[in-house]
Amino acid sequence: MENSSNPRIKKIQKNTRLTVHFLGSNPDPSFAKLKTIFSKISFINISEEKESAVFLATYLDHSIKITSNHPLIDLQPVILPDSIQLLANFFKDYQHYFCNKVTTASFQSFTPLVIRQHKTLDHHIKKIEFNILKNKTYQVESIKNMIMDKIEVKKFLSKCITIDDLPLHILKLHQFKNYKTCQILIHEKGNTAAESLFLSKGQTLVTSKILVTQFNKIHTIIKKSKTKLFNQTQLLNNDLGVRGTFLAREINLSKHSIIIVVSRNDFFPATLLEQEFFQEIIKNITLVLNNLLLEYLSQKKNKLFKLGLQHLDIPFEICDSHHQVFFSNALIDTLEYTHQDIIDANYILRYSPYCDINYSSDLYHFQRISLLGELLNTLRHELNNPLFGLKLTADLLIEDSSSEDFKETLGDISTNCQRCQNIITNFSLLYKNQDTLIDLNLYKLLKETLVLTKSETRGIEKEIVFSNSLSKEDFTIKTNPTWLAQIIFNFIINSAQAIRLSTPALANQKITITVTNQYLDTQSFLVISVTDTGPGIQKELIEKIFQPFITTKKEGTGLGLSICNYLTTKLGGKIFFSNNIPLPGATFSIELPMNDLNKIS
Amino acid sequence: MNILLVEDELLLQKSLKKLLEKKGATVKVTTSGREAINLLLNENFNRIVCDLMLQDISGFNVIEEAKKKYTLLEISNLFIIMTAYSSKQVLDKADTYGCKVISKPFEDINHTLSLFIEGGLNYE
């Protein structure tokens with residue numbers, strides 16, 4: 001019997017079909033004979049365009065070349081010795097016919113190639129001959145119909161502009177005219193859900209999501225199948241909308257896995273022809289599908305990217321090569337450039353931090369500040385514990401010790417441990433965002449704040465002055481200690497740094513904190529001022545001194561005074577400053593409204 | 001009075017041991033949470049004072065292991081938690097065991113010591 005593993009057989013089978021196809025439905029009496037002969041000739045050459053097959057035969061020392069169009073040809077030439085004789089006879093008989101019809105084909109010198117394995121091949125040819133003779137005309141026609149030529153493929157592919165259209169176009173193919181449903185499952189690799197496009201003829205497209213686990217289950221079953229022909233007993237899944245038997249095929253693309261299912265929704269299995277056609281159409285759409293999906297992905301990516309750019313906290317502009325700004329996330333109207341333009345062209349991304357100075361935020365600085373807060377918190381916890389142990393041990397040893405000298409030293413250790421703890425606690429309080437108002441002794445708060453500035457103000461004289469009507473011991477206000485301390489802290493640090501920058505001789509330098517009570521109409525105000533003997537404020541800075549990131553210091557963040565401004569506003573007060581003309585230095589003050597609610601004493 | 005003190009800050013551990021012994025308690029100490037679990041399962045203590053942030057495991061892990069031996073009611077009376085991180089989450093979690101939580105540094109050392117010895121029931 002036929003050796004089906006021989007690859008050549010399959011080729012010849014295709015070949016025979018081609019022959020029939022070529023001959024078409026010509027009712028000429030020569031048809032049967034010609035068919036027989038051509039099936040024996042089996043000599044096919046492929047033209048350069050690979051779109052047509054060329055049949056060659058010799059007649060009267062000429063070779064006859066007959067061209068047949070078919071896109072699927074991929075055959076090697078084979079010629080059998082006895083077919084030459086047959087052909088010769090045929091041409092002799094039908095010389096007349098050929099003279100009229102085929103002589104338009106080219107004639108050229110030709111030396112027939114004889115294949116040695118004539119015996120085996122002859123056997124196959126006989127089989128094929130038998131098959132062909134069995135073929136009826138309508139079958140020939142249906143085969144013809146099932147084959148997509150290049151133009152048809154092109155037409156089909158050009159119709160598919162989006163993926164959503166694909167099921168409709170598949171069902172519209174005349175080869176699938178009896179098919180009722182088409183479903184396409186698309187899984188973008190890495191996603192947890194796959195997309196399902198389901199179309200029933202005459203209805204609208206239904207899109208839905210299915211779980212990737214379900215998708216993979218279906219995918220595996222389809223992949224394992226050789227015929228790609230299924231019925232519900234093999235593959236019953238709620239996510240598949242088909243009924244009865246159906247054809248399904250999986251496609252693996254670079255970024256997607258796809259399953260295509262078509263069904264007539266009945267229980268008759270697809271014919272072999274339909275199966276073959278299905279495979280062919282899948283082959284044809286694979287490429288276009290990949291392009292469609294990748295395009296879709298890049299559109300999605302661009303959309304997200306653009307959205308991300310527009311909402312980015314850092315203001316920036318994109319310029320083209322002529323330094324013309326065409327995209328800026330600070331502007332409402334952006335010029336009409338597509339995203340691809342931005343990516344494709346060599347545009348310059350320009351960072352523009354000051355396009356709106358009042359609201360611009362420098363992420364880097366704020367990150368640093370919030371990091372500092374976190375760091376302080378960690379430090380507090382990590383240092384508190386050992387300090388507590390140290391203090392406790394020192395206290396214990398004092399009791400055990402008999403030497404006064406030891407006791408004194410141990411006492412110092414204990415006191416200093418306590419001081420360290422206090423500093424840490426105060427520092428972390430500064431960074432705690434407490435919204436609560438508490439009654440506090442202002443003098444005590446100012447003194448504690450001064451302790452915190454000790455390293456910066458070292459060597460500089462400091463004084464806290466309360467106006468006559470106010471008592472240092474008893475004057476209490478209701479306010480937010482964290483905010484107030486931070487404002488005063490920043491003032492003092494600024495003063496100290498300004499003094500240090502201007503002179504190395506600190507002996508005559510002084511920072512004075514003054515607290516006074518003022519009345520304006522019926523309203524009472526508390527004014528806290530920090531006065532220094534430094535160089536004062538430069539004229540050009542006066543305008544923008546509270547703006548963030550304006551700094552005179554090399555290591556400064558430029559945030560200190562802008563934070564002070566912000567916190568003073570939160571306390572309901574006002575902030576102001578002046579140079580101490582004619583004296584040197586500057587004074588920074590805050591004015592807080594005092595009323596019965598926040599004034600205790 | 002048998003007290004197990006689990007604290008990895010050595011100076012603190014030493015001082016507390018000394019102070020508690022002065023008050024007449026027998027104190028066993030460890031820096032390791034795992035060792036604490038071993039000790040509490042094999043010996044009997046009237047009080048277990050346990051730091052939360054230990055080098056190996058958390059104080060809450062120690063309490064979890066103690067469930068093998070004690071009922072929840074016993075645990076709430078037996079354990080006192082010490083911590084330098086008295087955040088709300090920590091307090092809430094301690095509450096599920098019904099244990100007292102002492103913040104470090106102690107506000108009043110004598111009060112804390114008597115609490116360790118007399119138990120947390122009368123403590124607000």
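Chemist: Outline the overall build of chain A, listing residues and values.
Modeler: Along its length, chain A carries 18 helices and 20 strands. For chain A, the residues scored as buried account for 42% of the 601 residues in total. Across chain A, every contact between residues at least 6 apart in sequence was considered, and the portion connecting residues at least 24 apart equals 63%. Roughly 34400 Å² of accessible area belongs to chain A as shown, and the carbon and sulfur atoms make up 55% of that amount.

Chemist: Give me the lowdown on the overall build of chain B, citing residues and values where you can.
Modeler: Each helix and strand counted, chain B has six helices and five strands in total. Along chain B, helices and strands appear, N-terminal first, in the series β-α-β-α-β-α-α-β-α-β-α. For chain B, buried positions account for 48% of its 124 residues. Counting every atom, chain B has about 6300 Å² of accessible surface; 48% of that belongs to carbon and sulfur.

Chemist: So what's going on with the packing of aromatic side chains? Which residues, and what values?
Modeler: Within this structure, the stated rule accounts for seven aromatic pairs over all chains. Centroid distance F577 of chain A to F588 of chain A: 5.4 Å. Interplanar angle 25°. Geometry classified as stacked. Taken as a pair, F577 of chain A in strand 19 (residues 574-579) and F588 of chain A in strand 20 (residues 586-594) lie far apart in primary sequence, 11 residues in all. The exposure class of F588 of chain A is buried, given its relative accessible area of 8%. Joined through ring pairs, the aromatic side chains of F388 of chain A together with F106 and F116 of chain B make up one cluster.

Chemist: Give a description of a negative patch on the surface that names residues and reports values.
Modeler: Residues and elements named next belong to chain A. A cluster of like negative charges, contributed by E404, D405, E408 and D412, occupies part of the molecular surface. As for its position among the elements, E408 is in helix 13 (residues 404-430). What makes E408 exposed here is its relative accessible area of 56%.

Chemist: Residue-level account of the interface of chain B and chain A, with values.
Modeler: Counting residues at the interface gives 15 residues for chain B and 14 residues for chain A. In this assembly, chain B packs against chain A so that about 1400 Å² is buried in total across both faces, 66% of it on carbon and sulfur atoms. Taken together, the connections running from chain B to chain A amount to two salt bridges. Residue D400 of chain A is joined to K18 of chain B by a salt bridge in which the shortest nitrogen-to-oxygen separation is 3.3 Å. At the boundary of chain B and chain A, one finds four residue pairs in polar contact (both at pLDDT 80 or more). Ranked by residues supplied to the side of chain B that touches chain A, first place goes to helix 1 (residues 10-22) of chain B with seven residues. Of the residues belonging to the side of chain B that touches chain A, the class tally is nine nonpolar, one polar and five charged.

Chemist: If you had to explain the nonpolar core to someone new, which residues and values would you point to?
Modeler: Residue and element names in this part refer to chain A. Formed by 41 residues in total, the largest nonpolar core has its most connected members in L442, L484, F491, I513, L526 and I528. Every element with two or more residues in this core is listed here: helix 14 (442-452), strand 15 (461-466), helix 16 (481-502), strand 17 (510-520), strand 18 (523-532), helix 18 (560-570) and strand 20. Tallying contributions element by element places helix 16 first for this core, with nine residues. Contact partners of L484, with chain neighbours within four places excluded, come to L442, L445, I477, T479, I528, L571, I590 and L592. By size, the runner-up hydrophobic cluster in this structure holds 29 residues, among which are I163, I170, I285 and V288.

Chemist: Can you explain unusual backbone geometry? Please cite residues and give values.
Modeler: Most peptide bonds are trans, and most residues other than glycine sit at a negative phi. In this structure, P582 of chain A follows I581 of chain A across a cis peptide bond, with omega equal to 5°. By the element assignment, P582 of chain A lies in the loop between strand 19 and strand 20. Going from K104 of chain B to P105 of chain B, the amide bond is cis rather than trans, its omega being -5°. Inspection of the secondary structure assignment puts P105 of chain B in the loop between strand 5 (100-103) and helix 6 (109-118).

Chemist: Account for the pattern of salt bridges, with residues named and values stated.
Modeler: Under the criterion given, the structure shown has 12 salt bridges over all chains. Across the pair K22 of chain B and E399 of chain A runs a salt bridge, and its minimum N-O distance is 3.5 Å. Of this pair, K22 of chain B sits in helix 1 while E399 of chain A sits in helix 12 (residues 363-400), placing the two residues on different chains. Via salt bridges that share partners, E7, D51 and K104 of chain B belong to a single interconnected network.

Chemist: Can you tell me about the sheet that holds strand 5 (residues 181-188) of chain A, naming the residues and giving the values?
Modeler: All names here are of chain A. In spatial order, the strands read 7-6-5-10-9-8; together these six strands make up an open sheet with antiparallel pairing. Two strands close off the open sheet at either side, each with one partner strand: strand 7 (206-211) and strand 8 (229-230). As defined by bridge partners, strand 5 adjoins strand 6 (residues 193-200) across six bridges and the pair is classed as antiparallel. Directly across from I184, in strand 6, lies its bridge partner L197.

Chemist: Outline helix 18 of chain A, listing residues and values.
Modeler: Residues and elements named next belong to chain A. Every buried residue of helix 18 is accounted for by L561, S562, C564, L567 and T568. In this fold, the buried residues of helix 18 make contact with helix 16, strand 19 and strand 20. Phi for G572, located one or two positions after helix 18, is positive at around 85°.

Chemist: An account of the sheet that holds strand 19 of chain A is needed here, citing residue identities and associated values.
Modeler: All names here are of chain A. Taken in spatial order, the five strands line up as 15-17-18-20-19 in an open sheet, and their pairing is mixed. Each edge of the open sheet is held by one strand with a lone partner, namely strand 15 and strand 19. For this sheet, the mean inter-axis angle between neighbouring strands, taken without regard to orientation, is 20°. With six bridges connecting them, strand 15 and strand 17 associate as parallel partners. Counterpart to F466 in the pairing with strand 17 is V515. Against the sheet, helix 14 contacts strand 15, strand 17 and strand 18, and its axis sits at roughly 170° relative to strand 15. Across the sheet, helix 16 touches strand 17, strand 18, strand 19 and strand 20, and the angle it forms with strand 18 is around 30°.

Chemist: Let's hear about a nonpolar patch on the surface: which residues, and what values?
Modeler: All names here are of chain A. Together, L372, L375, L379 and L383 make up a nonpolar patch on the protein surface, roughly 330 Å² of accessible area in all. Within the secondary structure, L372 is located in helix 12. Judged by its relative accessible area of 35%, L372 is partly exposed.

Rules of the game
Residues numbered from 1 in each chain as written. Chains lettered and ligands numbered in written order. Predicted model: local features only at pLDDT ≥ 70, side-chain atom pairs only at ≥ 80, totals over all residues. Heavy atoms only, no water. Helix = DSSP H or I, 4+ residues; strand = E, 2+ residues; numbered from the N terminus. Buried < 20%, exposed > 50% of the residue type's maximum accessible area, 1.4 Å probe, protein only. Contact = heavy atoms within 4.5 Å. Areas by Shrake-Rupley, 256 points an atom, 1.4 Å probe, with all protein chains shown as cover. Phe/Tyr/Trp six-rings, centres within 6.5 Å; stacked < 30°, edge-to-face > 60°. Patch = residues over 30% accessible without salt bridge, like charges linked within 9 Å, V, L, I, M, F, W, Y side chains within 5 Å. Salt bridge = Lys/Arg side-chain N within 4 Å of Asp/Glu carboxyl O. Lys, Arg positive; Asp, Glu negative; His and termini not counted. Charge placed at Lys NZ, Arg CZ, Asp CG, Glu CD. Buried area = accessible area lost by both parts, 1.4 Å probe. Polar contact = N/O pair within 3.5 Å; in protein donor to acceptor, adjacent residues only side chain to side chain. Nonpolar A, V, L, I, M, F, W, Y, C, P; charged D, E, K, R; others polar. Core = buried A, V, L, I, M, F, W, Y, C linked by side-chain atoms within 4.5 Å. Pairing = 2+ DSSP bridges. Axes fitted to C-alpha atoms, helices over the stretch in contact; angles between N-to-C directions.

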